[in-house]
Structure formats: structure tokens, C-alpha cells
Amino acid sequence: MKVRIVNRSRHALPAYQTPLSAGMDVRADLDESVTLAPLGRAMIPTGLYVELPAGYEMQVRPRSGLAAKHGVTVLNSPGTVDADYRGEIRVILVNLSGEPFTIEPGERIAQLVVARHEQVEWEPVEELGTTERGAGGFGSTGR
């Protein structure tokens, strides 16, 4: 699938790192480093603008390495870029660790996943069909 993209950053386009990757790493388009204090958050620019086809979204997801090694993650995970959005893709990062974390220009900060989606048309009813599970949730299966 081809997706139109404008790259106003000084970095290469996001790319899949392996043949079976679902996500593409995206880089911080910064002029200088940004330090996130513990529990601090910031909107980090990418310099990227996309034109997704109707019926698709782009999810902005955390990078597992940043989360596991440094406690830095995408705050509204997954962030959603809608097909009709034409602004710059920015990533809301949060530092959940007890130490400051510095984001360097060009650093890989998140991954982008393009996914098909459907829009629903609500059908109001008085009752729902029954299942074996019923209303059980939030740990009700014992796992």
C-alpha cells in the first residue's frame, strides 16, 4: 500500500527494521536535546505529515526498549492519527522513571503502525445476546 508523506525533518523516512515488522521506528525532529524530568511529559515533533487512505489509521506506539530500559513511553498509547488529519505527527512522551531522561535529536522515540479500521453504526436494543462469559471481566477468568 502506498501512503503519501511529507518529510520536513532532517531524517530518513520511518522504515521497517525487519521483513516481518508491523511497526516503523520514527525519530525525534529536534534542534536540541529535550530532557524529561521524572513524571515529565513533552510533545516531540517528527517533521512528518501523512495522507492516509480512508478506512486506515496510523497508531503511534511506544518503543519497547525505551520503556523497558528507561521507563519512557507514549502517554496516550496508542496515539491515533486519523485519515483526515494533515498536521505534523507529534509524539507525547512521558518519563515514568525516577531519573531524568534526555531525548536527543534524531533518536528513535516511537513506532508507527498503519492499520485498517471500520466505523460502526450503533443499533440501539434493549438486550444483548447471551454468552458463557456473560458480564465477567477484570480478572474474572482467574488469570
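These lines cover the structure that appears in this document, whether it is placed above or below. Because the structure is predicted, anything quoted here is derived from the model rather than measured.

Once that is clear, we can look at the sheet that holds strand E10 (residues 90–95). Taking strand neighbours across the sheet as the criterion, the three strands line up as E5-E10-E8 in an open arrangement whose pairing is antiparallel. Two strands in the sheet have a free side with no partner beyond their single neighbour: strand E5 (41–45) and strand E8 (72–74). Averaged over all pairs of adjacent strands, the angle between their axes in this sheet comes to 35°, without regard to strand direction. Inspection of the sheet shows E5 paired to E10 by five bridges, in the antiparallel sense. The residue bridging arginine 41 from the neighbouring strand is valine 94, located in E10.

As judged from the three bridges shared by E8 and E10, these two strands associate in the antiparallel manner. Counterpart to valine 72 in the pairing with E10 is asparagine 95.

In this section: the sheet that holds strand E7 (residues 56–61). Here we have five strands laid out as an open sheet, ordered E2-E3-E12-E7-E9, and antiparallel in their pairing. Of all strands in the sheet, those with a lone pairing partner are strand E2 (15–16) and strand E9 (79–81), marking the two edges. Across four bridges, strand E3 (residues 24–27) lies against strand E12 (residues 108–116) in antiparallel orientation. Paired with valine 26 across the two strands is alanine 110, which belongs to E12.

The next thing to look at is the side chain of aspartate 25. The topology assignment puts aspartate 25 in strand E3. A distance of 2.7 Å separates polar atoms of two side chains, one belonging to aspartate 25 and the other to arginine 108. With sequence-adjacent residues up to four places away left out, aspartate 25 is seen in contact with Pro14, Ala15, Gln17, Arg63, Arg108, Ala110 and Gln111.

This next bit is on the nonpolar core. Of all hydrophobic cores here, the largest spans 24 residues; its most connected members are Ile44, Leu93, Ile103 and Ile109. Among the elements of the structure, E5, strand E6 (48–51), E7, E8, E10, strand E11 (101–103) and E12 are those that each provide at least two residues to this core. Examining the composition of this core, we find that three residues originate from one element, E12, more than from any other. Setting aside its immediate chain neighbours within four residues, isoleucine 109 contacts Val26, Arg27, Ala28, Ile44, Arg63, Leu66, Val91, Leu93 and Ile103.

Cis geometry marks the peptide bond from serine 77 to proline 78, where omega comes out at -10°. Secondary-structure assignment places proline 78 in the loop between E8 and E9. The residue leucine 39 is not glycine, and still its phi comes out positive at about 65°. Here leucine 39 is to be found in the loop between strand E4 (34–36) and E5.

Reading guide: rules and limits
Residues numbered from 1 in each chain as written. Predicted model: local features only at pLDDT ≥ 70, side-chain atom pairs only at ≥ 80, totals over all residues. Heavy atoms only, no water. Pairing = 2+ DSSP bridges. Helix = DSSP H or I, 4+ residues; strand = E, 2+ residues; numbered from the N terminus. Axes fitted to C-alpha atoms, helices over the stretch in contact; angles between N-to-C directions. Polar contact = N/O pair within 3.5 Å; in protein donor to acceptor, adjacent residues only side chain to side chain. Contact = heavy atoms within 4.5 Å. Core = buried A, V, L, I, M, F, W, Y, C linked by side-chain atoms within 4.5 Å. Buried < 20%, exposed > 50% of the residue type's maximum accessible area, 1.4 Å probe, protein only.

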